[in-house]
Amino acid sequence: MLKCHHESTVSRAYLIQRVVPGMRVFGGVVLNSYVGGINPAAVEAALRLGGKEVWMPTIEAGYHAEVHGGTGGNDAQKGGRGGEGIWVLDREDKLKPEVAEVLELVAQHDAILDTCHLSPREIVVLVRAAHDLGIQKVVVTHPFFKVPSLDLPTLEEVVRLGGMPEYGYCTISPAWQYASPDKMVQAIKRVGASRCLLVSDTGQRHNPLPSEALRIFGGATHLCADAV
């Protein structure tokens, strides 16, 4: 699965599959301002062209801006357009109409919905709405990363609603150390391994290649599981 904070990866995935026969590569769209933010038109185009995943705002989420002091960057990368960021809830803590429209499209295309850098409160409301719509594939993005940094009770709540936590190498990387491998192992035991994903979350120039990141990540969590 190819993810880009700045554009749809659907065409890129299609091209790779044409150039490298036998490789299955999928794309999707991240709803940052570069595609119009929470833009149902961008979502519909991506899904109708073969996209498989829709990510909520990442580096331009309102909560990301609160935690990092602005949009467009993080602890390792700077940039972006500035501003206070994108929020998916209105003042009454209800999903904005355009967000509800995006969820409808995800449900129609049986695509994957990803929570990304929303706030814990936004994530709970979003996952509950996805559950009510019958969306079967909901990924809770790196729950122990700097954003969203979910606590275990909230994580358990979204899992009960059908969310699947996505644990990434970057969260335990020596460069960031937002959580220990042991914390991830304990969380996996709490919610059940069948409800969890292990991913590299890499591809950036300052991180290992995805294959190497997964090797390190798998080894670290395996050692912690053996020690428990």
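Next up on the list: the packing of aromatic side chains. Per the counting criterion, the structure on display carries two aromatic pairs. Residues Phe145 and Tyr178 carry aromatic rings whose centres are separated by 4.6 Å and whose planes lie at 75° to one another, so their mutual orientation is edge-to-face. One end of the pair, Phe145, is in the loop between β4 (138-141) and α6 (152-160); the other, Tyr178, is in the loop between α7 (169-172) and α8 (181-191), with 33 residues separating them in the sequence. The partly exposed category is assigned to Tyr178, whose relative accessible area is 24%. Above the plane of the ring of Phe144 lies Lys183, whose end atom (NZ or CZ) is 4.5 Å from the centre.

In this section: the sheet that holds strand β6 (residues 197-199). One open sheet accounts for six strands, arranged β1-β2-β3-β4-β5-β6; its pairing is parallel. The open sheet has two free edges, formed respectively by β1 (28-30) and β6, since each of these has just one partner strand. Ignoring strand direction, the axes of neighbouring strands in this sheet form an average angle of 25°. Looking at chain direction, β1 and strand β2 (residues 53-55) are connected through three bridges and run parallel. In the strand pairing of β2, Val29 is matched with Val54. Of the strands in this sheet, β5 (163-168) and β6 are in contact with α8, which crosses β5 at around 165°.

What follows is about the pairing of β5. Where burial is concerned, most of β5 is hidden: six out of the six residues are buried. Burial of the side chains of β5 extends over both faces: Gly163, Pro165 and Tyr167 are buried on one face and Met164, Glu166 and Gly168 on the other. In this sheet, β5 lies alongside β4 in parallel orientation, the contact comprising four bridges. In the strand pairing of β5, Thr141 is matched with Glu166. Alignment of β5 against β6, held across three bridges, turns out to be parallel. Looking across to β6, one finds that Tyr167 is bridged to Leu198.

Parameters and conventions
Residues numbered from 1 in each chain as written. Predicted model: local features only at pLDDT ≥ 70, side-chain atom pairs only at ≥ 80, totals over all residues. Heavy atoms only, no water. Phe/Tyr/Trp six-rings, centres within 6.5 Å; stacked < 30°, edge-to-face > 60°. Helix = DSSP H or I, 4+ residues; strand = E, 2+ residues; numbered from the N terminus. Buried < 20%, exposed > 50% of the residue type's maximum accessible area, 1.4 Å probe, protein only. Lys NZ or Arg CZ within 6 Å of the ring centre and 35° of its normal. Pairing = 2+ DSSP bridges. Axes fitted to C-alpha atoms, helices over the stretch in contact; angles between N-to-C directions. Contact = heavy atoms within 4.5 Å.

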